[in-house]
Every structure is written in structure tokens, then in C-alpha cells.
Amino acid sequence: MTDRNRIRPCHGWRGLFCCLLVTLLTTKLAACPFCPGASVPLTEKLSHAHTACLVRWQEAETGTLEKPGHTVYKVLQVVKQSQGTQYQQGSLITVNRYHSGKPGAPFLLTGTHGPNPLWENPTVITPASYSYVMRAPAVQHPTTERLRYFLKFLEHKDTIIANDAFSEFANAPFEDIVPLTPELPREKLHHWLSSKSTPAPRLGLYGLMLGLCGNEDDIDFMEEKISVQAQGLRSGIGGLMSGYLMLTGSEGLEHLELTKFEQKNTTPNELFAAREAVSFMWTYGRGRFRIPPERLRQSMRMLLDRPELADLVIADLTRWQDWSVMNRLVSLYGAKDYEYKAIRKAIIRYLLVASRYSDPSNGGPDAVTAARARKYLEQIRKRDPQLVKRTQQFY
């Protein structure tokens, strides 16, 4: 722990749960922003397919320049088929592409269109994973209801099942995960985040989940992991930082600033993850978890001191309508370490947005701010006319 008083959760999980349900944002987060490598879930493949069969690999022949390869499968069970197809148990399906396999190996074969399906690449399947997907709720069901089924299969011993259950969560809007807060396996999440055997792409999701269902006992654990001055890329650390902020509010944000933003030896990867966490809290949690919008802006402004993230930070501050940094941004235009085109374009975009007078009560620039932005924009136009023209053209 830090020397400050112990950080405490902003409230119990019941309060957190109710707060989130009542105050969900109108803009959905399409998928977990900290989940790299999520694939298309099996249920989605089945939903999009017109024909689907459980098959066994029979034989295959590699292709040549003159003759394409092919693979033969034997149907074990017809899951669904489009009108005009007549597959049944024992039917042979020849796919005009070579796919490696062992005789008798099971696959899920899906295809689209009429009586002559356009077959997709076969999906490796096991008896357990086939049973799992056949029992899964259809994609037409409410997302939260579906996730309740997949929740119990996270980190399943069957790799296919574990990967697929993760994909269902990784592709789901975060707000559809929130209602599951009372059911999230807190102790398992803690263990998975600690275990070296947990695949790295899943850590971000588990960090977010622990932020939803965790309690005071989890804060030290999360804080210790976040405080590490890592040199390499830590997959999912942004999700853990976001979960930590959900539990700790503004006090946790202060700790993030002390251990990441203010440390000169913090790597760009760690800074990027911390910036993602602050951005996540703005998109999903601002005004909740004891972090007011202006406090998030203040935190993001600190990252203007790091040129390697400046273009991303300026874009965030533009979206967040933070007009307080206008003078500083203009002073950074073309300055040492800030002369890169991406940074200059980000500053120009900021001024373009600020120059358009809108409703100040909704955060938009007032008339004075808009006039000041137009003045600065003209100054930069004289210095860099082509870049301003191109940026304005594609703005």
C-alpha cells in the first residue's frame, strides 16, 4: 500500500451494481477494449451459416498449379441445412480446398448459400465443446442472459470451450456484463489474474470483472500488480487498471498518477495502458466511482508531458471538450519532441473543433473560446498552410 490512508471501495458490490444499472451510458461499448485476439464465437458461426454439420475428416489431397486440392469429410450429424441440401448421417462432403487433418478427427463444418454451400474453413471441435455449443443460448437471446451461460465455462479445461467462452465475453458490450456482477466468480478471477497459466489476452477482461465484483481485499493485490515498473508489454494491464479505478475512485487515480504518470522511467506501453484506463472511465464511469469529469481531464492533461502519447492525449482532450489547454497546445506546436506530423495534426483538429461555437452548457466552446481558436488556427495556417489544408480537408 501507499503511505496514504488505505484506499477503500466507493461502495459495496450491491451499491455498485445498482448504480451501474441506473446510470448506464447511452453509448454502448461494442466490445471489451482490453481483449486482444478475441475470435468469432461458435454460436455466431452457427447463426450466420445456412448449413452446418458435425463431420469427421476422411482424406485430403494437396493441390497443384493445374489442379486444386480438396478435402473429404463424413457427416456425423446435421446441425442445420438450407433448403435444397440433403445431407444426412454418413454423407460425404468434398470441400475444394486442402485442409490438413487426421482420419476420424472431428470438425464443425459451416457454409453459406443454397444447395451448393460455400464452405468456410472447418473448426476443430471436441465432443465436450460440441455439446457445449449445442446447449448454448441462441444469439437472438438477450446478451446478458447468454453470458450467464458462458460465465461458468471461463477457463474450462477444454481449450476450445475456454477460448470460445472468453470470445463471447470479449465481444459483448461491457454494459451487458454489468448485470452479472453478483454472479461473477471473485475468487476465481483473483486466481486467474495471479496464475501464469492464464492466457495473456484474457487478463484485461478479468481485470474489468474483478473491478465490478471485487472488494477491499482485492485492492492491495491490484495495486501491487499495477505498481510494477514493467519494461515489456503487459497484455491486459489496462483492464486491470480500469478495474482498480472502479474499486478505488479518485484515490486510485491519484495512485495511478504517482506510479505511472509522474515516473520518468515508465515505459510508453505502461503509459498507454494507463491512458486507456482513464479513457475507459470517461467513456463508461465518469461521474461514478468518485471520479468527476474534471478530475479525469486533469489526469489526462498530465500526459501532455509525454510526447510519445501526445497525439492520442490531444485527441482525448478534444473529445472531452477540454478548452483549458488551448494555449499550451499552441505553444507545443512544432516544439522540440512535439514536431511530429501526427502531433501537429492533432493540435489542428483540436483547434478546428474549438473554433466552432456551440452550446457552452453542453461543454461546447463559447464565443470567446471559438474566436481564440480561430485566431490560433490562422497563425498556424501561416506557418504550415499545407498541413492545415489537408487536415481540414479530411476533418
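On a predicted model such as this, the values are computed, not experimentally measured, just so you know.

### Points about the overall build of the protein
Then, number 1: Counting its regular elements, the protein contains 17 helices and six strands.
Then, number 2: Taking all contacts inside the protein whose residues are at least 6 apart in sequence as the whole, residues at least 24 apart take part in 69%.
Then, number 3: Approximately 19,100 Å² of the protein is accessible, and the part contributed by carbon and sulfur atoms is 51%.
Then, number 4: The distance from the centre of the 49 positive side-chain charges to the centre of the 39 negative ones in the protein is 4 Å.

### Focus: the nonpolar core
Then, number 1: Grouped together as the largest cluster of nonpolar side chains are 97 residues, with contacts concentrated most on Tyr132, Phe169, Phe174, Leu205, Met209 and Leu351.
Then, number 2: Per-domain counts for this core show at least three residues from each of domain 1 (42-125) and domain 2 (320-394).
Then, number 3: Among all residues touching Leu205, those that are not within four sequence positions of it are Cys32, Phe34, Cys35, Phe166, Phe169 and Ile177.
Then, number 4: Ranked by size, the runner-up nonpolar core spans 11 residues in total, among them Cys53, Phe107, Leu109 and Trp119.

### A few points about the state of the cysteines
Then, number 1: In the structure shown here, the tally under the stated rule is one disulfide.
Then, number 2: Here Cys32 pairs with Cys35 through a disulfide, and the sulfurs are 2.2 Å apart. An S-S torsion of about 75 degrees defines the bridge between Cys32 and Cys35 as right-handed. Just as Cys32 is buried, Cys35 falls in that class too.

### Observations concerning the packing of aromatic side chains
Then, number 1: In this structure the tally under the stated criterion is 14 aromatic pairs.
Then, number 2: Ring centres of Tyr87 and Trp119 lie 6.0 Å apart, and the angle between their planes is 55 degrees; on these two criteria the pair is classed as tilted. One end of the pair, Tyr87, is in the loop between strand E2 (70-80) and strand E3 (92-95); the other, Trp119, is in strand E5 (residues 118-119), with 32 residues separating them in the sequence.
Then, number 3: Of the residues examined, Tyr87 reaches a relative accessible area of 19% and is grouped as buried.
Then, number 4: Grouping aromatic residues by their ring pairs yields a cluster made of Phe34, Phe174, Phe280 and Tyr284.

### Looking at the layout of surface pockets
Then, number 1: Counted as a void, the largest pocket has a volume near 290 Å³.
Then, number 2: Every residue lining the largest pocket is counted, 13 residues in all, and those nearest its centre are Leu193, Leu203, Lys225, Arg234 and Ser235.
Then, number 3: Looking at the lining of the largest pocket, the elements with two or more residues in it are helix H7 (186-194) and helix H10 (237-261).
Then, number 4: When the residues that make up the lining of the largest pocket are grouped by side-chain class, the tally is five nonpolar, five polar and three charged.

### Thoughts on the environment of Arg306
Then, number 1: With respect to the helices and strands, the residue Arg306 is situated in the loop between helix H12 (293-302) and helix H13 (310-319).
Then, number 2: A relative accessible area of 13% means that Arg306 is categorised as buried.
Then, number 3: Separated by 32 residues in sequence, Arg306 and Tyr338 have C-alpha atoms that sit 9.3 Å apart.
Then, number 4: What Arg306 contacts, discounting residues up to four positions off in sequence, is Gln263, Lys264, Thr266, Leu271 and Tyr338.
Then, number 5: Of note is the side chain of Arg306, whose polar atom sits 2.8 Å from the side chain of Glu308.

### Quick look at the pattern of salt bridges
Then, number 1: Inspection of every chain in the model, using the stated rule, returns 17 salt bridges.
Then, number 2: Among the ionic pairs, Arg146 bridges to Glu168, the shortest N-O distance being 3.1 Å. One end of the pair, Arg146, is in helix H4 (residues 143-151); the other, Glu168, is in helix H5 (residues 159-170), with 22 residues separating them in the sequence. Note on accessibility: Arg146 and Glu168 belong to one class, buried.

### A closer look at H13
Then, number 1: Taken as a whole, H13 has its buried residues at Ala310, Val313, Ile314, Asp316, Leu317 and Thr318.
Then, number 2: Contact partners of the buried residues in H13: helix H11 (268-285), H12, helix H14 (326-332) and helix H15 (341-354).
Then, number 3: Gln321 lies just past H13 and shows a positive phi near 55 degrees.

### Structural notes on the pairing of strand E1 (residues 51-61)
Then, number 1: Where E1 meets strand E4 (residues 106-112), six bridges bridge the pair, whose relative direction is antiparallel. Bridging from a neighbouring strand, Cys53 pairs with Leu109 of E4.
Then, number 2: Note that E1 and E2 share nine bridges and pair antiparallel. Its bridge partner being in E2, Leu54 is matched across the sheet by Gln77.

### Let's talk about the packing of H11 against H12
Then, number 1: Between H11 and H12, the least distance of the axes is 10 Å, while the angle of their chain directions is 160 degrees. As judged from the angle between their axes, H11 and H12 are roughly antiparallel. Read as a crossing pair, H11 and H12 show a hand that is left-handed. In contact with Arg275, Val278, Ser279, Met281 and Trp282 of H11, H12 contributes Pro293, Leu296, Arg297, Ser299 and Met300.

### Considerations on unusual backbone geometry
Then, number 1: With phi around 60 degrees, Glu155 is a residue other than glycine that occupies positive phi space.
Then, number 2: Among the secondary structure elements, Glu155 is positioned in the loop between H4 and H5.
Then, number 3: The residue Asp337 is not glycine, and still its phi comes out positive at about 75 degrees.
Then, number 4: Checked against the element boundaries, Asp337 lands in the loop between H14 and H15.

The rules we used
- Residues numbered from 1 in each chain as written.
- Predicted model: local features only at pLDDT ≥ 70, side-chain atom pairs only at ≥ 80, totals over all residues.
- Heavy atoms only, no water.
- Helix = DSSP H or I, 4+ residues; strand = E, 2+ residues; numbered from the N terminus.
- Contact = heavy atoms within 4.5 Å.
- Areas by Shrake-Rupley, 256 points an atom, 1.4 Å probe, with all protein chains shown as cover.
- Lys, Arg positive; Asp, Glu negative; His and termini not counted.
- Charge placed at Lys NZ, Arg CZ, Asp CG, Glu CD.
- Core = buried A, V, L, I, M, F, W, Y, C linked by side-chain atoms within 4.5 Å.
- Buried < 20%, exposed > 50% of the residue type's maximum accessible area, 1.4 Å probe, protein only.
- Domains from an automatic or database assignment.
- Disulfide = S-S within 2.5 Å.
- Phe/Tyr/Trp six-rings, centres within 6.5 Å; stacked < 30°, edge-to-face > 60°.
- 1 Å grid on protein atoms, 1.4 Å probe; cavity = no way out; pocket = protein on both sides within 12 Å on 5 of 7 lines; lining within 4 Å.
- Points joined across faces, edges and corners; volume = space filled by probe spheres on them.
- Nonpolar A, V, L, I, M, F, W, Y, C, P; charged D, E, K, R; others polar.
- Polar contact = N/O pair within 3.5 Å; in protein donor to acceptor, adjacent residues only side chain to side chain.
- Salt bridge = Lys/Arg side-chain N within 4 Å of Asp/Glu carboxyl O.
- Pairing = 2+ DSSP bridges.
- Axes fitted to C-alpha atoms, helices over the stretch in contact; angles between N-to-C directions.
- Parallel < 35°, antiparallel > 145°, perpendicular 65-115°, else oblique.
- Left-handed = near helix turned anticlockwise from the far one by under 90°.

Function cannot be inferred from these measures alone, as they are strictly geometric.
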